[in-house]
Amino acid sequence: MRKPKIPPGSPDDTEAAFYDALQQADIDRLMACWADEDDVLCVHPGGPRLLGHAAIRSAFEALFANGSVRAFPDKVRRLDAGASSVHSVVERVEVLGDDGMQHAWVVATNVYAKTPQGWRMVAHHASPGLPGEPADAPSSRPVLH
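These lines cover the structure that appears in this document, whether it is placed above or below. Quick caveat: nothing in here was measured; it's all calculated off a predicted structure.

Thresholds applied
- Residues numbered from 1 in each chain as written.
- Predicted model: local features only at pLDDT ≥ 70, side-chain atom pairs only at ≥ 80, totals over all residues.
- Heavy atoms only, no water.
- Helix = DSSP H or I, 4+ residues; strand = E, 2+ residues; numbered from the N terminus.
- Buried < 20%, exposed > 50% of the residue type's maximum accessible area, 1.4 Å probe, protein only.
- Contact = heavy atoms within 4.5 Å.
- Areas by Shrake-Rupley, 256 points an atom, 1.4 Å probe, with all protein chains shown as cover.
- Expected span 1.5 Å × (residues − 1).
- Arc of directions from axis to C-beta.
- Salt bridge = Lys/Arg side-chain N within 4 Å of Asp/Glu carboxyl O.
- Phe/Tyr/Trp six-rings, centres within 6.5 Å; stacked < 30°, edge-to-face > 60°.

**Quick notes on the overall build of the protein**
Piece 1. On a plain count of helices and strands, the protein comes out with three helices and six strands.
Piece 2. For the protein, the sequential pattern of α-helices and β-strands runs α-α-β-β-α-β-β-β-β.
Piece 3. Expressed as a percentage of its 145 residues, the buried residues of the protein come to 36%.
Piece 4. The contacts of the protein with a sequence gap of at least 6 include a subset with a gap of at least 24, amounting to 50%.
Piece 5. For the protein, the computed accessible surface area is about 8600 Å², with 55% contributed by carbon and sulfur atoms.

Have a look at this one:
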């Protein structure tokens, strides 16, 4: 199956296409955002490391079986380094609960590489959801991990 084309533009264009595909539950458009390399990887909140297109596609198909994922990237921080770009985002996710529509926040890292087809995602890693919007840690204090 041929991938739908997305504009080669920029990492931001690919990121916008990725989140739009999530919100539309469009698996073909979502997979078109990924690079063709076999070693692409994805980690969903609290899930295992998914390696390769088949595993990533299968996981998103399972998510889409319950409908679209209403995730919106906020607080995007970018680190551009030549042919790669790393985006740290806080995803605002709409969740329908017993009390109606609520929000959860997920901290995610999206990594893009410039390929012959344009900028494509090579990694997506998302933390477990938080009930409140996470604050950024102050940068003046050292953090050991």
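**Overview of the environment of V106**
Piece 1. Relative to the helices and strands, V106 is located in strand β5 (residues 100–115).
Piece 2. The class of V106 is buried, set by a relative accessible area of 7%.
Piece 3. In this structure, the C-alpha to C-alpha distance between V106 and V89, residues 17 residues apart in sequence, is 8.2 Å.
Piece 4. Contact partners of V106, with chain neighbours within four places excluded, come to P45, V89, V90, E91, V93, A126, S127 and G129.

**Quick notes on helix α1 (residues 11–24)**
Piece 1. For α1, spanning 14 residues, the distance from its first C-alpha to its last is 20 Å, which sits close to the expected 20 Å at 1.5 Å a residue.
Piece 2. Within two residues after α1, A25 carries a phi angle of roughly 55°, on the positive side.

**Here we look at helix α3 (residues 53–64)**
Piece 1. Compared with the 16 Å implied by 1.5 Å per residue over 12 residues, the 16 Å span of α3 between its first and last C-alpha is a close match.
Piece 2. Turning to α3, its buried residues are I56, A59, F60 and F64. The buried residues of α3 occupy an angular sector of 135° when projected down its axis, which confines them to one face.
Piece 3. As for α3, its buried residues are in contact with α1, α2 (27–32), β1 (41–43) and β2 (49–51).

**Quick notes on the pattern of salt bridges**
Piece 1. Inspection of every chain in the model, using the stated rule, returns seven salt bridges.
Piece 2. Here R29 and D26 are joined by a salt bridge, their closest N and O atoms 3.9 Å apart.
Piece 3. Judged by its relative accessible area of 30%, R29 falls in the partly exposed class.
Piece 4. What you see here is one network of salt bridges that share partners, running through D20, D26 and R29.

**Examining the environment of H103**
Piece 1. Mapped onto the secondary structure, H103 falls in strand β5.
Piece 2. Assessed through its relative accessible area of 34%, H103 is described here as partly exposed.
Piece 3. In this structure, the C-alpha to C-alpha distance between H103 and P131, residues 28 residues apart in sequence, is 7.1 Å.
Piece 4. With near-sequence residues (within four places) excluded, H103 lies in contact with R92, V93, E94 and P131.

**So, the packing of aromatic side chains**
Piece 1. For the structure shown, the criterion picks out three aromatic pairs.
Piece 2. With 5.1 Å between their ring centres and 85° between their planes, F18 and Y19 make a pair best called edge-to-face.
Piece 3. Between F18 and F60, the ring centres sit 6.2 Å apart and the planes meet at 90°, which makes this aromatic pair edge-to-face. Here F18, found in helix α1, pairs with F60, found in helix α3; they are 42 residues apart in sequence, far enough to count as distant.
Piece 4. F60 sits in the buried class, given a relative accessible area of 3%.
Piece 5. Three or more aromatic residues joined by ring pairs form one cluster here, namely F18, Y19, F60 and F64.

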